[in-house]
Amino acid sequence: MRRSTAPSLRRSSQFISPISETQCDHLHAAVTSSGERRSVAQFPNAVRSTASILDLLSGSSSNTVVPEVQSPDDACARPIVSTAHVRSQEAKRSIVELVKDENFDSNQIVSHSYKSKRLFNVVWSKQSKKKHKTWEGDGTLEVVEKTVILKDTDGKVIAQSSGTKMAKLEEGSRLYVGNKEVEIIDVISSGDIHEAYSNKSCSTGSKRLPEATSNASLPVLKKSKILPKSTLVCVQRNRGPNKPLIMPSPTHEHQWKHNHAHLPVVDVMVDNCLTHVLRPHQRLGIVFMYECILGMQRPEYHGAILADEMGLGKTLQCIALVWMLLKQGPYGGKPVLQRVLIVTPSSLVVNWQNEFLHWLGRERIQTFVVDQKSRPKDYRLLPQIPVMLISYEMFIRYYDDISQIHFDLLICDEGHRLKNTTIKTYALLYQLDCKRRILLTGTPIQNDLQEFYALIDFTNPGVLGSSTDFRKYFEEPILASRQPSADEDVISLGGERAMELNHRTSWFILRRTQEVINNFLPTRQELVVLCRSTPLQQATYESVVDYWESRGQGSGPEEVAHLGVITALKKICNHPSLVILHQSESLPGEEDITQHLTQNYPVQDDAIFPQQSGKLDVVICLLEALKCTKEKVVLVSYFTQTLDLLASMCVQKQYKFSRLDGSTPSTQRMKIVKNFNSPHSDNFVFLLSAKAGGVGLNLTGASRLVLYDSDWNPATDLQAMSRIWRDGQMRSVYIYRLLTTGTIEEKIFQRQISKTGLSGAVVDPQNQSTIRLSNEELKDLFTFHRDSTCTTHEMLDCKCTGVGLVPHGDLQLQRNLSIAEDELSSQRDCQLQVGQTLASNTCVRMNQLFQWQHYSQPIEATLLQELGLSGASHNITFIFRNLSHSQTVRL
Ligand SMILES: Nc1ncnc2c1ncn2[C@@H]1O[C@H](COP(=O)(O)OP(=O)(O)OP(=O)(O)O)[C@@H](O)[C@H]1O
Ligand SMILES: [Mg+2]
């Protein structure tokens, strides 16, 4: 296996013996490009944007850069300091400023001495006439006037030539250098390059070459039409100036603790082949994780939680970090990592493999995927493969073998599943002997402090003491302060403890919201479409509610009965046939209802399909409108039966479709996704089970997504809805949330957007959770508002005429709503609101919905046409619409 760290960029620095503070300042001043004299202490020690526990629990987030100023004593008090250290302090500045100044030229950080030299990243191989070339490796190409030097990734010269006039060198150009053929991947420096910089690069490898040799020819080949795969990827990746991303230097304490051999402190930097593509937030994310796992934040802890919202590229950030540390380390350049274990949901194992391949190329890294054929004990014999990918299930199965292998870093993707300490996965992963841990999650941490503790303690064991300590010191006072009867002292103590908890955890939790990539993505339209119920839906719906009332509402095994009613009503909203015909698949408590309905509505299968559901009709019309375009559609449901129904519809309409649900073998999942995303695939529809495939999947092949039914938990809906609007998406995106007007579906949505009315715990019939709603609340939940066009709009008390504008007169109301929401949110921030479903701010809230465009019938034909809903107009009663441009309000 070949490895590359773009060594031409690596600047190994010399060990410098103990120096005085004055010397240190002097040295520092010497390398500061601006000539401005700064002390080391002026540079931030930690550069990250942190999310507080409160942010996470409340779902709000912070993008604040929190610089921690290093103590002046640190600057030169310790003997080991190096030029690399000083440069890295500058690098820290560059990273901070990067956020503010996209045009920042990090080359400033080296020196003023120039030599005319151009530098390129390349792939190379022996000369051959093969059309589909296999490149042997990557390297750098230095061009000084007419001289060209090809170096491998260790900086060793492997070919050189000079003397011939050269055509323009650019991405994709091919040329011969000596007996090697070279293709330019990207330009490191197209003009002058700093002498000091290039000298360093030479010093890491072989002897420096004489400037120019003669008599070699440099025929520049034509850019090939069919590029090899890896090249295609690289070319596609190059997006702009390549700014080196250098990690912060270790502090002196860190050096004392970890650099016993007194090795020179060298710069650690992200491979140049990745720095092109990294978004600013990803650069920060890498630095954040680096500092955490190297124990640079707190010496005794080595864990990090990267809780960026969905689609922000947590995978790429980890890949860049892993790749960097497999090749480098701050002490003498010795790699920090040798083996890395990545545990993910089974549906994402192959996704991780593909991402490694996509970003690094096969020639750089290999991964070992544990499956039926490849077992962890085989991996033990393959030291050349540094990364093992495994699903949570396989991890449990092969724990004994895995625990025999030493891993230097553990990454748990979709790590929110580790919120429960009692599950086996948690226990086994917890006891794995690997102190460096990264937990990835795009879902805000919800529900309760014990779950929060579980994630924290998993990542940095012991950081908050034992579970009992935590409960006594944090949980109890915080919860007590939330009680209505709490006096001032109790409230104040609860507030203090919440603040302290926030402070003690924020240094290893990082969360950014999707705003950070708004600028890079196409527009997104979010639509809540209220669909008219059909006569059969109305009749069956009312029949179920009557039945529930006639049974004395709460009589019988209460919770089971409610669950059955809730599920039956939700199914009727999807399609009445799901309740009438599928008795065998009923939930406990639902049998009675299905029996009752089947007796009263003895309809035949083909008679009710497909016209008997308003939502289904809307979907059919939408697909009809899109079938001749190049757009693809993802249809998401929480019910397998609904997916069956949608599949039958596709068959009937002869739409080619893919399907991913709980029964799809994990080995097949990524194949299905990849196939669907391919521009060559003619699969028009993707049927997705929100429960089975909601997390982590990238379905950017589609530009429209329909959430056919909703969950009680807004975070779950959000997971599903985030599948198409992410990096890689080329088209404008439309996300439709379908609600049947006046039914339980609207009520669920309303509970998501206004949490004031939710007095019970999380309600999730599919998970058989306990429902703790009063009879009054249940009655309200089940009441069918048959004649309403949108009870949600009525709830907003909005006086608009439904033409897509908020009337001026309503601004006060809007402001009031806003204030109410803000109060709610600040209350949540301080009081943690444990026990409720804490939606993130990424879930639309009432005041935000107010700012969306509101459309009641008659809805403008042009709008319906744009939305692909012209044919469904008769079945639409209302539309809420939100248009997200870059940097605008979002869901
Ligand atoms: N800098 C980038 N340039 C281009 N594409 C990117 C970049 N970063 C990430 N991507 C792509 O964006 C998509 C989403 O990334 P990824 O799956 O890592 O998101 P995530 O943060 O893990 O989201 P989720 O929480 O949903 O799992 C992937 O297809 C990935 O290849
Ligand atoms: Mg992910």
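Please read all numbers here as calculations on a predicted model, not as lab measurements.

The next subject is the sheet that holds strand 20 (residues 509–510). The parallel open sheet is built from seven strands, whose spatial order is 16-17-15-18-19-14-20. Two strands in the sheet have a free side with no partner beyond their single neighbour: strand 16 (367–369) and strand 20.

Time to look at the packing of helix 20 (residues 535–550) against helix 31 (residues 775–782). Interaxial distance between helix 20 and helix 31 falls to 11 Å at its minimum, and their mutual angle equals 165°. As summarised for this structure, helix 20 and helix 31 are arranged roughly antiparallel, according to the angle between their axes. Classified by chirality, the crossing of helix 31 by helix 20 is left-handed. Residues Tyr 541, Val 545, Trp 548 and Glu 549 of helix 20 form the contact with helix 31, whose own contacting residues are Asn 775, Leu 778, Lys 779 and Phe 782.

Attention now moves to the nonpolar core. Counting residues in hydrophobic clusters, the biggest one holds 118 residues, and the most contacted among them are Leu 325, Leu 341, Trp 352, Phe 395, Ile 411 and Val 634. Shared between two domains, this core takes at least three residues from each, and those domains are domain 1 (7–104 + 244–510) and domain 4 (613–884). Setting aside anything within four residues of it in sequence, one finds Phe 395 in contact with Leu 341, Val 343, Ile 390, Ile 402, Leu 428, Leu 429 and Leu 432. Listed in part, the 37 residues of the second largest apolar core include Val 619, Cys 650, Tyr 708 and Ile 859.

All right, on to the pattern of salt bridges then. Under the counting rule described, the total for this entry stands at 21 salt bridges. For Asp 727, the salt bridge identified is with Arg 279, shortest N-O distance 2.6 Å. Residue Asp 727 is found in the loop between helix 29 (714–721) and strand 26 (733–740), and its partner Arg 279 is found in the loop between helix 8 (272–275) and helix 9 (280–293); the two are separated by 448 residues along the sequence. Given the relative accessible area of 7%, Arg 279 is considered buried. The salt bridge involving Arg 881 is made with Glu 866; its shortest N-O contact spans 3.2 Å. Of the two residues, Arg 881 is situated in strand 28 (residues 876–884) and Glu 866 in helix 35 (residues 861–867); the sequence distance between them amounts to 15 residues.

Take the side chain of Gln 719 next. Tracing the backbone through its elements, the reader meets Gln 719 in helix 29. Side-chain polar atoms of Gln 719 contact the side chain of Arg 723, separated by 2.7 Å.

Let's shift gears to the sheet that holds strand 28. Strands belonging to one sheet form pairs held by backbone hydrogen bonds; the direction of such a pair is parallel or antiparallel. The eight strands lie next to each other as 23-24-22-25-26-21-28-27, forming an open sheet whose pairing is mixed. Because the sheet does not close on itself, it has two edges, and the strands there are strand 23 (657–660) and strand 27 (853–856). Across the sheet, the mean angle from the axis of one strand to that of its neighbour is 15°, orientation sign disregarded. Alignment of strand 22 (residues 633–637) against strand 24 (residues 685–689), held across five bridges, turns out to be parallel.

Conventions and cut-offs
- Residues numbered from 1 in each chain as written.
- Chains lettered and ligands numbered in written order.
- Predicted model: local features only at pLDDT ≥ 70, side-chain atom pairs only at ≥ 80, totals over all residues.
- Heavy atoms only, no water.
- Pairing = 2+ DSSP bridges.
- Helix = DSSP H or I, 4+ residues; strand = E, 2+ residues; numbered from the N terminus.
- Axes fitted to C-alpha atoms, helices over the stretch in contact; angles between N-to-C directions.
- Parallel < 35°, antiparallel > 145°, perpendicular 65-115°, else oblique.
- Left-handed = near helix turned anticlockwise from the far one by under 90°.
- Contact = heavy atoms within 4.5 Å.
- Core = buried A, V, L, I, M, F, W, Y, C linked by side-chain atoms within 4.5 Å.
- Buried < 20%, exposed > 50% of the residue type's maximum accessible area, 1.4 Å probe, protein only.
- Domains from an automatic or database assignment.
- Salt bridge = Lys/Arg side-chain N within 4 Å of Asp/Glu carboxyl O.
- Polar contact = N/O pair within 3.5 Å; in protein donor to acceptor, adjacent residues only side chain to side chain.

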